[in-house]
Amino acid sequence: MPRVKSKSRKPVVQDRPSARTLLLRRLRKSRKPIVFGIAIVSALVIVPFGLRGVDALLRPVRTAAAGVLADGGFRVRHIEISGASTTPRAAVEKALGITRGMPILGFSPAQASARIAALGAVRSATVERLLPDTVRVDVVERRPIAIWQQPDNRFALIGPDGTVLLGHDAAAARARDPGLPLLVGAGVPQHAKALLALLKQYPSIARHVVAAERIDNLRWNLLLRDHTTVKLPDQHEATAMARLMQADDRINLLERPVLTIDLRLADRLVVRPYPKGFLSEAAAPGHQS
């Protein structure tokens, strides 16, 4: 019988493994079982719980890892604070919320930054870890525009938008900027910006002013260097200041020894001199004004 040739079998071509299969194989062969475990757990949690679920699940892992690294020397030893020229260091450290000796990976820099930025005197803050043992805090402060002597005689600082800058050291601010004006009385923060803008329009008057007092939360008295009081009206303050500048140009009024200059009347400027003998008494040794 004729020999029947058998049909040759076609070679079998194996499909290339998927990218996921290759990744899992590499992870299994690697010497990093912790990474492999985290990858598997993350894959199981992301779908049903989302990223928040992953964060909650991995938080104990991060805490344990921080403890292990802390045993290897990764602990907070140094806290560097820059930019807080008038904000007390103790206030910044309290808001930072960490202590020396704790694991340097055991806190959230973002949350610490938010706590520091919540201080009234601070505009923004950045917290960084400098491994292995240093935490650096960079603070940007709000620039005060005035010192406020409150009705209870406590001192605070006022920011550009009228905000009272809590946690700010008024004495340190005055030492850094001796020209910072002193404003006295109730209702000062809401009206400070307008007053300082008015004084800026009349620099020849402003250079004589050492303080301003808010009267009945209606108007201002300007206190001059030679103890003269300028009484501004409760309306049309700019018009009154223009009249005062004209009088000063004509007769050098602001250099004269007078007790008060009353600008509250729209059609006149009333000047009240010191009582007779007052100046000689004021110049006498031991006199207190």
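Remember, it's a predicted structure, so these values are computed and weren't measured experimentally.

(A) Representation of the overall build of the protein chain. Counting its secondary structure elements, the protein chain contains nine helices and twelve strands. Within the protein chain, buried positions represent 32% of all 289 residues. Looking at the protein chain as shown, the accessible area adds up to about 19100 Å², and 57% of this sits on carbon and sulfur atoms.

(B) A look at the nonpolar core. Within the largest apolar cluster, 28 residues are counted, with the highest numbers of intra-cluster contacts made by Leu183, Leu222, Val230, Leu232, Met241, Leu244 and Ile261. Counting only elements with at least two residues in this core, the list comes to strand 4 (146-149), helix 6 (188-201), strand 8 (209-215), strand 9 (219-224), helix 8 (237-251) and strand 11 (258-262). With six residues, the single largest contributor to this core is helix 6.

(C) Broad picture of the pattern of salt bridges. Evaluation of the coordinates by the stated rule reveals eight salt bridges. For Arg143, the salt bridge identified is with Asp177, shortest N-O distance 3.8 Å. One end of the pair, Arg143, is in the loop between strand 3 (134-141) and strand 4; the other, Asp177, is in the loop between helix 5 (170-176) and strand 7 (182-184), and 34 residues separate them in sequence. On the accessibility criterion, Arg143 (59% relative accessible area) is exposed. On the accessibility criterion, Asp177 (25% relative accessible area) is partly exposed.

(D) Representation of helix 8. Counted at 1.5 Å a residue, the expected span for helix 8 with its 15 residues is 21 Å, and the 21 Å between its end C-alpha atoms agrees. Of the residues making up helix 8, those classed as buried are Ala240, Met241, Arg243, Leu244, Ala247 and Asp248. One side of helix 8 holds all its buried residues, which, seen down the axis, span an arc of 155 degrees. Residues of helix 8 that are exposed and point more than 90 degrees away from the buried face comprise Asp249 and Arg250.

(E) Summary view of the sheet that holds strand 2 (residues 122-130). Across the sheet, three strands lie side by side as 1-3-2; this open sheet has mixed pairing. Two strands close off the open sheet at either side, each with one partner strand: strand 1 (78-82) and strand 2. In this sheet, adjacent strand axes meet at a mean angle of 15 degrees when their direction is disregarded. When strand 1 meets strand 3, the two strands line up parallel, connected through five bridges. Note that in strand 3 the partner of Ser82 across the bridge is Asp138. Strands in contact with helix 3 (residues 89-96) are strand 1, strand 2 and strand 3; relative to strand 1, the strand with the most contacts, it is inclined by about 120 degrees. In the packing of helix 4 (residues 109-117) onto the sheet, contacts are made with strand 2 and strand 3, and the angle to strand 2 comes to roughly 155 degrees.

The rules behind each value
Residues numbered from 1 in each chain as written. Predicted model: local features only at pLDDT ≥ 70, side-chain atom pairs only at ≥ 80, totals over all residues. Heavy atoms only, no water. Helix = DSSP H or I, 4+ residues; strand = E, 2+ residues; numbered from the N terminus. Buried < 20%, exposed > 50% of the residue type's maximum accessible area, 1.4 Å probe, protein only. Areas by Shrake-Rupley, 256 points an atom, 1.4 Å probe, with all protein chains shown as cover. Core = buried A, V, L, I, M, F, W, Y, C linked by side-chain atoms within 4.5 Å. Salt bridge = Lys/Arg side-chain N within 4 Å of Asp/Glu carboxyl O. Expected span 1.5 Å × (residues − 1). Arc of directions from axis to C-beta. Pairing = 2+ DSSP bridges. Axes fitted to C-alpha atoms, helices over the stretch in contact; angles between N-to-C directions. Contact = heavy atoms within 4.5 Å.

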